[in-house]
Amino acid sequence: MPDILKEVLKFIPDNTVISDSVFEGANIVLYTKSKEFFLNNNGLIKSIVDSIKKRVELRPDPSITMDREKAEELIRKLIPKDAGLDQVLFDVQRSIVVIEADKPGVAIGKNGELLRQIKEKTLWVPEVRRTPSIKSKLIENIRAVLYENNDYRKKFLHKIGKRIYDGWTKERRSEWIRVTFLGAARHVGRSCILLQTPESKVLLDCGVDIAANDEDQFPILDVPEFNLSQLDAVVLSHAHLDHSGLLSYLFKMGYRGPVYCTLPTRDITALLALDFISIAQKDARDTIFSSTDVKEMVKHTVVLEYEEVTDITPDIRITLYNAGHVLGSAMVHIHIGNGLHNLLYSGDVNYENSNLLHKAVTKFPRLETVIMEATYGGKDDNPATRQECEDELIRIFKETYEKRGKVLIPVLGVGRAQEIMLIVEKAFRNKLLPEIPVYVQGMVWDVTAIHTAYPDFFNINVRRAIFHKDQNPFLSKIFKHIASQKEMQEVIEGGPCIILATSGMMTGGASVEYFKALADSDRNAVVLVSYQGPTSLGRRLENGDKEIRMSENEIIKVKLNVYTLKGFSGHSSRDQLMDFVNMLDPKPKKIILVHGESSKCLDLASSIHKQFRIETIAPRTLDTVRIR
Ligand code: ZN
């Protein structure tokens, strides 16, 4: 038995009441066969937590829980009708019952009274979850994968704990810390950073660059310092493919360690990976991973809430903070050694409140080094403000509508799409726009459904609206889900409308198909709202190309109006990046700039150094930086 578990048991006077003690990642779970001890342990568990400073939970042994059928019947009787009780699911190995309801607050009861009763009467540990307001097959599938693998998960989480607490009592002296940039250094796309200490090897993100040529598409993993079998953990900042796209491939290659991220990031990452496979199949291209690998990834994901502190290896402790970029996006705060060093990896960061999200956090317990994105780090990267862009977007919608045209907005599917949906819904609700149908193509709709499942990650206004079904902006009647090729054809042949379709850079997917159909008329418009990679179709349109060669014998003449609106970006503008650095508390000693074209990383590095007197570096891909 690992040392820390032995030590925990010493706290319990008669520890024969404990039938099992296991890890769930960094948490410790004790099981008891004594009903008495489970319901009334006089604060003993709390005193253990206070003493060892680790999370400890007490659960009933599976053998004493109430028969499932009876328990469900009782739960359904106890919870009032207006809670909108949906599914009741049992995680048998962990003695947990998951209760899905439209109104979790009602199901929990005043001061948790109903939960207390359920616990007492059934000897199951109740957890309440919100039913998503838009049904999502994907969320159901993900939950099913986890549910079917409960037994495996229990063992897997115990194994992680054993690694974290390996030699717990041993004095640790981490002498050095190195980070190697396997991608996305002086480059946007394929984010992947290897963090190494004498004890640990952790990967921060593992993305692809879908717009790049073959050799620059993937992070460079065939380097001596990267060895998949020695990797302790992967931490995922957010779900965009340039940060998550190669993760499933790691599982194909045999990785079976944990992936840490937020709940929305887990779901959206799985969705984007599956979409990536289906697009490749449509183009009759081979994919480097299959849906089985995506399933493995889901099985090995450990979700964290914002600001929840967790050990992930013997000398690394992480905390995720809101990054303001897309739903569930996180900055990763990494505490290394016992107070040796504090590193922040920003992932993609937005230091501005959007319609959807609150801006990024800037206050941390401690901070010495920051690895920060520089997508819009150039001196001139201060696009029009969000408000100006919103006004301009509404103007384009109106003008195109009056010409009986269609507006295509290529979106990344995650983030920008939902931001635009909120803007259109607001304009429609405030009668600034007529009732123009907004067609939400395929996957974008699924991502929107995931958004409605996790309202806690939105800013306060959207969160409140979602709690009231009749005010939920995503359920507005103007939104229509386009799922089939036939429906898509009807949109193309139909009247004026707004179309939201992937991919955001028009490197494939429905946005390209719509573009081909709409390009020929100046009544139509395309509005580019995302970053456009240097070789992408979107960038060529931005540059004003009037003839686009799609393939050997397909040339498209561009007659439709092309607009670029950068103010909706999920990324900070140059000024906002500088503001972000200015507001960082405490002030870091070193900032490493990544995730930007070369000139932008260098420009931002030099400005930060001049203005804040902070040491800056703009490494190239494959550079290793020793940060301690
Ligand atoms: Zn991103």
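Residues numbered from 1 in each chain as written. Predicted model: local features only at pLDDT ≥ 70, side-chain atom pairs only at ≥ 80, totals over all residues. Heavy atoms only, no water.

What follows is about the pairing of strand E19 (residues 438-441). With burial as the criterion, each face of E19 is covered, one bearing Val438 and Val440 and the other bearing Tyr439 and Gln441. As judged from the 4 bridges shared by E19 and strand E20 (residues 479-482), these two strands associate in the parallel manner. The residue of E20 that forms the bridge with Val438 is Phe479. By the bridge criterion, 3 bridges tie E19 to strand E21 (residues 497-501) in an arrangement that is parallel. Pairing of Tyr439 across the sheet is with Ile499, part of E21. (Buried < 20%, exposed > 50% of the residue type's maximum accessible area, 1.4 Å probe, protein only. Helix = DSSP H or I, 4+ residues; strand = E, 2+ residues; numbered from the N terminus. Pairing = 2+ DSSP bridges.)

This part is about the pairing of E21. Burial runs high along E21: 5 of the 5 residues are buried. Because side chains alternate across E21, one face comprises the buried residues Cys497, Ile499 and Ala501, and the other comprises Ile498 and Leu500, equally buried. Pairing analysis gives 5 bridges linking strand E18 (residues 406-410) to E21, with the strands arranged parallel. Counted as the bridge partner of Leu408 is Ile499 from E21.

With that out of the way, let us pick up empty space enclosed by the protein. In this approach, a probe sized like a water molecule rolls over the atoms, and the result shows the empty space that is left. Using the criterion set out here, one finds 4 cavities of 30 Å³ or more in the structure. Approximately 70 Å³ is the volume attributed to the largest cavity. Along the walls of the largest cavity sit 13 residues, with His325, Ser354, Glu419, Phe568 and Gly570 positioned nearest its centre. Across the lining of the largest cavity, the residue classes break down as 3 nonpolar, 7 polar and 3 charged. In this structure, the lining of the largest cavity is formed jointly by two domains, domain 3 (172-379 + 571-626) and domain 4 (386-568), each of which donates at least three residues. (1 Å grid on protein atoms, 1.4 Å probe; cavity = no way out; pocket = protein on both sides within 12 Å on 5 of 7 lines; lining within 4 Å. Points joined across faces, edges and corners; volume = space filled by probe spheres on them. Nonpolar A, V, L, I, M, F, W, Y, C, P; charged D, E, K, R; others polar. Domains from an automatic or database assignment.)

Our focus in this paragraph is the domain arrangement of the protein. Segmentation of the protein into domains returns domain 1 (1-61 + 143-171), domain 2 (65-131), domain 3 (172-379 + 571-626) and domain 4 (386-568). Each of domain 2 and domain 4 has a C-alpha centre, and the two are 40 Å apart.

Within this structure, the stated rule accounts for 9 aromatic pairs. On the numbers, 6.2 Å between centres and 5 degrees between planes, the contact of Tyr152 with Phe156 is stacked. With Tyr152 and Phe156 both in helix H8 (residues 150-164), this residue pair falls 4 residues apart, about one helical turn. By relative accessible area, Phe156 is classed as buried at 4%. Ring geometry for Tyr306 and Phe457: centres 5.2 Å apart, planes at 70 degrees, overall edge-to-face. One end of the pair, Tyr306, is in the loop between strand E12 (301-303) and strand E13 (310-313); the other, Phe457, is in the loop between helix H15 (442-453) and helix H16 (460-467), and 151 residues separate them in sequence. On the basis of relative accessibility, which here comes to 15%, the residue Phe457 falls in the buried class. Lys359 extends its terminal NZ or CZ atom over the ring of Tyr351, reaching a point 4.7 Å from the ring centre. (Phe/Tyr/Trp six-rings, centres within 6.5 Å; stacked < 30°, edge-to-face > 60°. Lys NZ or Arg CZ within 6 Å of the ring centre and 35° of its normal.)

Right, let's get into the nonpolar core. Membership of the largest hydrophobic core comes to 87 residues, with the highest contact counts inside it found for Leu203, Phe226, Leu250, Phe397 and Ile409. If one sorts the elements of this core by residue count, helix H14 (residues 416-429) sits on top with 8 residues. Split by domain, this core shows at least three residues from each of two domains, domain 3 (172-379 + 571-626) and domain 4 (386-568). If we skip the residues at most four places from it in the chain, Leu250 touches Leu203, Cys206, Leu221, Phe226, Leu228, Val234 and Tyr255. By size, the runner-up hydrophobic cluster in this structure holds 58 residues, among which are Val8, Tyr165, Tyr260 and Ile336. (Core = buried A, V, L, I, M, F, W, Y, C linked by side-chain atoms within 4.5 Å. Contact = heavy atoms within 4.5 Å.)

Moving on: the packing of helix H20 (residues 574-583) against helix H21 (residues 598-612). At their nearest, the axes of H20 and H21 sit 11 Å apart, and the two run at 45 degrees to each other. Taken together, the axes of H20 and H21 are oblique relative to one another. Crossing handedness for the pair H20 and H21: right-handed. Residues Arg574, Leu577, Met578, Val581 and Asn582 of H20 form the contact with H21, whose participating residues are Asp603, Leu604, Ser607, Ile608, Gln611 and Phe612. Here the residues of the contact of H20 with H21 sort into 6 nonpolar, 3 polar and 2 charged. (Axes fitted to C-alpha atoms, helices over the stretch in contact; angles between N-to-C directions. Parallel < 35°, antiparallel > 145°, perpendicular 65-115°, else oblique. Left-handed = near helix turned anticlockwise from the far one by under 90°.)

Further remarks concern the sheet that holds strand E2 (residues 27-32). If you trace the 3 strands from one edge of the open sheet to the other, you get E1-E2-E3, paired in mixed fashion. If you trace the sheet from one side to the other, it starts and ends with strand E1 (18-24) and strand E3 (56-60), each paired once. This sheet shows a mean twist of 25 degrees between the axes of neighbouring strands, independent of strand direction. Here 6 bridges tie E1 to E2, and the two strands are oriented antiparallel to one another. Looking at E2, one finds that Glu24 is bridged to Asn27. Across the face of the sheet, H8 comes into contact with E1 and E2 while running at roughly 75 degrees to E1.

Here we take up the sheet that holds strand E26 (residues 590-594). Read from one edge to the other, the open sheet built from 7 strands follows the order E13-E14-E15-E16-E17-E26-E27, with strand pairing classed as mixed. Strands at the two margins of the open sheet, each flanked by one partner only, are E13 and strand E27 (615-617). Going from strand to strand, the sheet's axes swing by 25 degrees on average, the running direction of each strand aside. Summarising the sheet, E13 and strand E14 (residues 316-322) pair through 3 bridges and their orientation is antiparallel.

The subject of this paragraph is the pattern of salt bridges. Evaluation of the coordinates by the stated rule reveals 43 salt bridges. When the shortest N-O distance is used, the salt bridge between Asp3 and Lys6 registers 3.9 Å. Taken as a pair, Asp3 and Lys6 lie in helix H1 (residues 3-10) at a separation of 3 residues, close to a single helical turn. Judged by relative accessible area, which is 34%, Asp3 ranks as partly exposed. With a shortest N-O distance of 3.3 Å, Lys557 and Glu547 are connected by a salt bridge. On the criterion of sequence distance, the pair formed by Lys557 in strand E24 (residues 554-557) and Glu547 in strand E23 (residues 547-551) is long-range, its members being 10 residues apart. (Salt bridge = Lys/Arg side-chain N within 4 Å of Asp/Glu carboxyl O.)

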